[in-house]
Amino acid sequence: MITDGYCISEDIISSCECDELLRFLAKLPRGHGRAGIRNLMAHTLVRSLAHDPRLIALTADCYGRQLVPYKATLFNKTAKANWLVAWHQDTALPIEEINGADGWSAPSVKQGHLFAQAPASALKKVLALRIHLDASTPTNGPLRVVPRSHLLGILSDVEINDLVNSSRQVECVVGRGGVIAMSPLLLHASSKLATDAPRRVLHIEYAESLKLAGDIRLVIS
């Protein structure tokens, strides 16, 4: 189990597999700013990787049981698409319908899919695997986290600011083909690149079940 809210595992995906993924992803149209691509579960290569026994086993090691993949996104941080990510939690999930369910709010549509802000009870059933297609180093905008912050539930902006200023922060460097598993409730951020070396991450989200609670069902995207 990831008691700190995250776990780094090296050498999960081979360099050849990273190359194959990068060749495939380079052919896909980019969104605004060329900073990433959503809805990658629609593609056989990504969907097959998401169900790969190595990644499913990793979800079991980190979460305590095998999880189901439902969402995949490429984060493509380069010299031409270089951005800073402020401290935050990932609280929006893609769902079929909101149906006025308790604790779900702020519905919005992103590239054809309905998203809503989820309650902590649902987010605790989710785990993200960040597959590093490039090595993540101190100079190419690595993920930074506040360990154990996922245990505090959904935080307000003021609470986030106070916690970041008073807590230990960890910089998550990982080699090519390594994976960072993390809770969406974990406070995390990243800085801009300070080098020309890209940082491309395939971010795959998993859940206990596509049906999270009541009538709320996740969309595969």
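This write-up is about the structure you can find in this document. As the structure is a computational prediction, the values presented were derived from the model and not from experiment.

Counting its regular elements, the protein contains five helices and 15 strands. Here the C-alpha atoms of the protein give a radius of gyration of 17 Å, agreeing with the 17 Å that 2.2 N^0.38 yields for 221 residues. Viewed in the frame of its principal axes, the protein has a C-alpha envelope of about 45 × 45 × 35 Å. With 221 residues in all, the protein has 48% of them scored as buried. Contacts spanning at least 24 positions in sequence make up 81% of the contacts within the protein whose residues lie at least 6 apart. With an accessible surface of roughly 10,200 Å², the protein has 52% of that area assigned to carbon and sulfur atoms. In the protein, which carries 24 positive and 21 negative side-chain charges, the distance between the mean positions of the two groups comes to 5 Å.

This next bit is on the sheet that holds strand β10 (residues 170-172). Spatial strand order, β4-β12-β9-β10: four strands in an open sheet with antiparallel pairing. Two strands lie at the open edges of the sheet, namely β4 (85-88) and β10, each paired on one side alone. Averaged over neighbouring strand pairs, the angle between their axes works out to 25° when direction is ignored. By the bridge criterion, three bridges tie strand β9 (residues 143-145) to β10 in an arrangement that is antiparallel. What sits directly across from Leu143, in β10, is Cys172.

There is about 790 Å³ of room inside the largest pocket. Residue lining of the largest pocket: 35 residues in total, with Arg38, Lys71, Thr73, Phe75 and Asp90 positioned closest to the centre. Those elements that place two or more of their residues in the lining of the largest pocket are β2 (36-37), β3 (68-77), β4, β5 (92-94), β7 (113-117), β8 (126-132), β12 (188-190) and β13 (199-207). Broken down by element, the residue count for the lining of the largest pocket peaks at five residues, all from β3.

Moving on, we get to the sheet that holds β7. Strand pairs in the sheet, formed through backbone hydrogen bonds, run parallel or antiparallel to each other. Read from one edge to the other, the open sheet built from three strands follows the order β5-β7-β6, with strand pairing classed as antiparallel. Where the open sheet ends on each side, the last strands, each with one partner, are β5 and β6 (105-110). Adjacent strand axes in the sheet meet at a mean angle of 30° when their direction is disregarded. Where β6 lies against β7, four bridges are found, and the strand directions are antiparallel. The partner of Lys110 across the bridge, within β7, is His113.

A few words on helix α5 (residues 157-166). Those residues of α5 not exposed but buried are Ile160, Leu163 and Val164. When α5 is viewed along its axis, its buried side chains cluster within an angular range of 100° and face the same direction. Opposite its buried face, α5 presents the exposed residues Val158, Asn165 and Ser166, each directed more than 90 degrees away. Summarising the contacts, the buried residues of α5 are in contact with β4.

Counted under the stated rule, the structure contains eight salt bridges. In this structure, Arg148 and Asp4 form a salt bridge, with 3.7 Å as the shortest nitrogen-oxygen distance. Remark: Asp4 occurs in the segment before β1 (6-9) and Arg148 occurs in the loop between β9 and α5; sequence separation between them is 144 residues. Note on Arg148: relative accessible area 43%, which makes it partly exposed. Across the pair Arg217 and Glu96 runs a salt bridge whose closest N-O atoms are separated by 3.6 Å.

Nonpolar side chains tend toward joint burial in soluble globular proteins. Counting residues in hydrophobic clusters, the biggest one holds 31 residues, and the most contacted among them are Leu40, Leu55, Ile131, Leu133 and Leu202. Looking at this core, the elements that each hand over two or more residues are α1 (15-26), α2 (44-50), α3 (53-63), β3, β8, β11 (179-182) and β13. For this core, the element with the most residues is α3, which contributes five residues. Within the second largest apolar cluster, 16 residues are counted, among which are Ala118, Leu185, Leu210 and Ile216.

The final tally for this structure, using the stated rule, is zero disulfides. Of all cysteine sulfurs, the one in Cys18 lies closest to Cys16, which takes part in no disulfide; the gap is 9.2 Å. Not engaged in a disulfide, the cysteine Cys172 finds its nearest cysteine sulfur in Cys7; these two sulfurs lie 10 Å apart. Judged by its relative accessible area of 0%, Cys172 falls in the buried class.

Conventions we followed
- Residues numbered from 1 in each chain as written.
- Predicted model: local features only at pLDDT ≥ 70, side-chain atom pairs only at ≥ 80, totals over all residues.
- Heavy atoms only, no water.
- Helix = DSSP H or I, 4+ residues; strand = E, 2+ residues; numbered from the N terminus.
- Rg over C-alpha atoms; globule rule 2.2 N^0.38 Å.
- Buried < 20%, exposed > 50% of the residue type's maximum accessible area, 1.4 Å probe, protein only.
- Contact = heavy atoms within 4.5 Å.
- Areas by Shrake-Rupley, 256 points an atom, 1.4 Å probe, with all protein chains shown as cover.
- Lys, Arg positive; Asp, Glu negative; His and termini not counted.
- Charge placed at Lys NZ, Arg CZ, Asp CG, Glu CD.
- Pairing = 2+ DSSP bridges.
- Axes fitted to C-alpha atoms, helices over the stretch in contact; angles between N-to-C directions.
- 1 Å grid on protein atoms, 1.4 Å probe; cavity = no way out; pocket = protein on both sides within 12 Å on 5 of 7 lines; lining within 4 Å.
- Points joined across faces, edges and corners; volume = space filled by probe spheres on them.
- Arc of directions from axis to C-beta.
- Salt bridge = Lys/Arg side-chain N within 4 Å of Asp/Glu carboxyl O.
- Core = buried A, V, L, I, M, F, W, Y, C linked by side-chain atoms within 4.5 Å.
- Disulfide = S-S within 2.5 Å.

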